[in-house]
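A structural walkthrough
Residues per chain are reported as follows:
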Amino acid sequence: MNRFPLVIATIILLLSSVTMRAQSVARVHQSTNEAANGDANARAIAALKRLDKDVIVYRSLADFQETGKLARVSLQTFQQALNEVTREVEPVVMRMPASKLKMKLRNALDAFRDGAYWWRLVDQPRVVNVSALASSDISRSSADAAFLQTAPYTVAINWRQAHAYLTHAEILAK
């Protein structure tokens, strides 16, 4: 009869050691996943910073009106960089759990996309293809002309928003 408490104690000891081992393995997996997520987040932020480096972020309308430049690179160069960054950042953001960091990264990428969209609307390349001249007889109303005059500042606002989202994402990632 004295063996029964000894058997129970042995079983409890055995189960507790198995449980502790399982918990330590789970912690190792969790810390490995957190490190991998941290690396992926850092790569996404670095990719978005490449775009941020290419654009000019103005503090005000007056600053923008002084130069009127939208970026340090051409639209075609920026569009290629945007496509590369989108291919890098999209999979990372898709795998992230819902969080403020995910929202900031998504918003930064979307602001860069929106800025590129508006930039395409107002871009006037210095080289004109002869084949493009056939359809250049488009007449614009005064409302269209006024709308297109404000589009460059819309691009600048999108760049500023993207920069703000990216700055917040960097703070959250630390």
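Refer to the structure presented above.
Each value, and the rule that gives it
- Residues numbered from 1 in each chain as written.
- Predicted model: local features only at pLDDT ≥ 70, side-chain atom pairs only at ≥ 80, totals over all residues.
- Heavy atoms only, no water.
- Helix = DSSP H or I, 4+ residues; strand = E, 2+ residues; numbered from the N terminus.
- Buried < 20%, exposed > 50% of the residue type's maximum accessible area, 1.4 Å probe, protein only.
- Contact = heavy atoms within 4.5 Å.
- Areas by Shrake-Rupley, 256 points an atom, 1.4 Å probe, with all protein chains shown as cover.
- Phe/Tyr/Trp six-rings, centres within 6.5 Å; stacked < 30°, edge-to-face > 60°.
- Axes fitted to C-alpha atoms, helices over the stretch in contact; angles between N-to-C directions.
- Parallel < 35°, antiparallel > 145°, perpendicular 65-115°, else oblique.
- Left-handed = near helix turned anticlockwise from the far one by under 90°.
- Nonpolar A, V, L, I, M, F, W, Y, C, P; charged D, E, K, R; others polar.
- Core = buried A, V, L, I, M, F, W, Y, C linked by side-chain atoms within 4.5 Å.
- Expected span 1.5 Å × (residues − 1).
- Bend = angle between axes of the 7 residues up to and from the residue.
- Salt bridge = Lys/Arg side-chain N within 4 Å of Asp/Glu carboxyl O.

**Considerations on the overall build of the chain**
Scanning the chain for helices and strands turns up five helices and zero strands. Along its sequence from the N terminus, the chain presents helices and strands in the succession α-α-α-α-α. By residue count, 26% of the 174 residues in the chain fall in the buried class. In the chain, 77% of the contacts between residues at least 6 apart in sequence involve partners at least 24 apart. In the structure as shown, the chain presents an accessible area of about 12200 Å², 58% of it carried by carbon and sulfur atoms.

**Examining the environment of Lys 102**
Locating Lys 102 in the fold gives a position in helix H4 (residues 100-122). What Lys 102 contacts, discounting residues up to four positions off in sequence, is Val 93, Met 94, Met 96 and Pro 97.

**Some words on the packing of aromatic side chains**
Counted under the stated rule, the structure contains eight aromatic pairs. Summarising the aromatic geometry, the rings of Tyr 58 and Phe 64 are spaced 5.3 Å apart at their centres and angled 80° between planes, so their arrangement reads as edge-to-face. Each member of the pair Tyr 58 and Phe 64 is classed as buried. Put simply, the rings of Phe 78, Phe 112, Trp 119 and Trp 159 touch in pairs and so form one group of aromatic residues.

**As for the packing of helix H3 (residues 75-95) against H4**
Each pair of packed helices gets described by two things: the angle between the helix axes and the distance between those axes. One can describe the packing of H3 onto H4 by two numbers: an axis separation of 11 Å at closest approach and a directional angle of 155°. With respect to H4, the axis of H3 lies roughly antiparallel. As H3 runs across H4, the sense of the crossing is left-handed. For the pair formed by H3 and H4, the contact residues are Leu 75, Phe 78, Gln 79, Leu 82, Val 85, Thr 86, Val 89, Glu 90, Val 93 and Met 94 on the first element and Lys 102, Leu 105, Arg 106, Leu 109, Phe 112, Arg 113, Ala 116, Trp 119 and Arg 120 on the second. When its residues are assigned to classes, the contact of H3 with H4 shows 12 nonpolar, two polar and five charged.

**A word on the nonpolar core**
Leu 48, Phe 78, Leu 105, Phe 112 and Trp 119 are the most contacted members of the largest nonpolar core, which has 37 residues in total. Mapped by element, the contributors of at least two residues to this core are helix H1 (3-54), H3, H4 and helix H5 (142-173). Among the elements that take part in this core, H4 stands out by supplying nine residues, more than any other. For Leu 105, the residues in contact, after removing those within four places along its chain, are Ala 44, Ile 45, Leu 48, Val 93, Met 96 and Ala 169.

**Things to note about H5**
Working note: α-helix, 3.6 residues per turn, so residues spaced by three or four point in the same direction. Compared with the 46 Å implied by 1.5 Å per residue over 32 residues, the 47 Å span of H5 between its first and last C-alpha is a close match. The largest bend in H5 amounts to roughly 30° and is located at Ala 151, with the proline Pro 152 lying one to four residues further along. Regarding H5, the residues found buried are Ala 151, Val 155, Ala 156, Asn 158, Trp 159, Ala 162, Leu 166 and Ala 169.

**Overview of the pattern of salt bridges**
For the coordinates displayed, the defined rule picks out five salt bridges. Across the pair Glu 90 and Arg 113 runs a salt bridge, and its minimum N-O distance is 2.7 Å. Note that Glu 90 is positioned in helix H3 and Arg 113 in helix H4, a separation of 23 residues in sequence. With a relative accessible area of 27%, Arg 113 lands in the partly exposed category.

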